[in-house]
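Residues per chain, in single letters:
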Amino acid sequence: MEAPQYVAARIQQALAEDARTHELGIHVDVRGDQLFLRGQVSGNEQRERLGQVAHETAPSLRMHNEIKVVVVSEPGEDEHLD
């Protein structure tokens, strides 16, 4: 049986290298047969893709996708300092 930290590292590598995701900022935690994904992304589609890649990498684990989707808006007006 593979150690949890090695499984987590393999999943993180897959999330970073898979052409569908290319994501570095997701925290992966493996506890027993449970897989937890945590972090923030800018869209629900990316959140779903990350879950899919993680599941394909470790299909035997029960996944908990706790990745939050944050709203990214255009910057406001320039701030002028006197």
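Residues numbered from 1 in each chain as written. Predicted model: local features only at pLDDT ≥ 70, side-chain atom pairs only at ≥ 80, totals over all residues. Heavy atoms only, no water.

### Some remarks on the packing of aromatic side chains
For step 1, the next point in the chain: Inspection of every chain in the model, using the stated rule, returns zero aromatic pairs.
For step 2, the next point in the chain: In this arrangement the basic side chain of R31 is found over the ring face of F36, its NZ or CZ atom lying 4.9 Å from the centre. (Phe/Tyr/Trp six-rings, centres within 6.5 Å; stacked < 30°, edge-to-face > 60°. Lys NZ or Arg CZ within 6 Å of the ring centre and 35° of its normal.)

### Description of the sheet that holds strand β1 (residues 27-31)
For step 1, the next point in the chain: Reading across from one edge, β1-β2-β3 is the order of the three strands in this open sheet, with mixed pairing throughout. Of all the strands in the sheet, the pair left with one neighbour each is β1 and β3 (62-69). Within the sheet, the average angular offset between the axes of one strand and its neighbour, ignoring direction, is 15°.
For step 2, the next point in the chain: Bridge analysis of strand β2 (residues 34-41) against β3 gives eight bridges, and the strand direction is parallel. Across the sheet, residue R38 finds its bridge partner in β3, namely E66.
For step 3, the next point in the chain: Across the face of the sheet, helix α1 (residues 4-17) comes into contact with β1 and β2 while running at roughly 150° to β1.
For step 4, the next point in the chain: Packed on one face of the sheet, helix α2 (residues 44-57) meets β2 and β3 and runs near 155° to β3. (Pairing = 2+ DSSP bridges. Helix = DSSP H or I, 4+ residues; strand = E, 2+ residues; numbered from the N terminus. Axes fitted to C-alpha atoms, helices over the stretch in contact; angles between N-to-C directions. Contact = heavy atoms within 4.5 Å.)

### A closer look at α1
For step 1, the next point in the chain: Between its first and last C-alpha, α1 extends 20 Å over 14 residues, near the 20 Å set by a 1.5 Å rise per residue.
For step 2, the next point in the chain: Among the residues of α1, V7, A8, I11, A14 and L15 are the ones counted as buried. Each buried residue of α1 sits inside an arc of 125° when the element is viewed along its axis, so together they form one side. Exposed and facing more than 90 degrees away from the buried side of α1 are Q5, Y6 and E17. (Expected span 1.5 Å × (residues − 1). Buried < 20%, exposed > 50% of the residue type's maximum accessible area, 1.4 Å probe, protein only. Arc of directions from axis to C-beta.)

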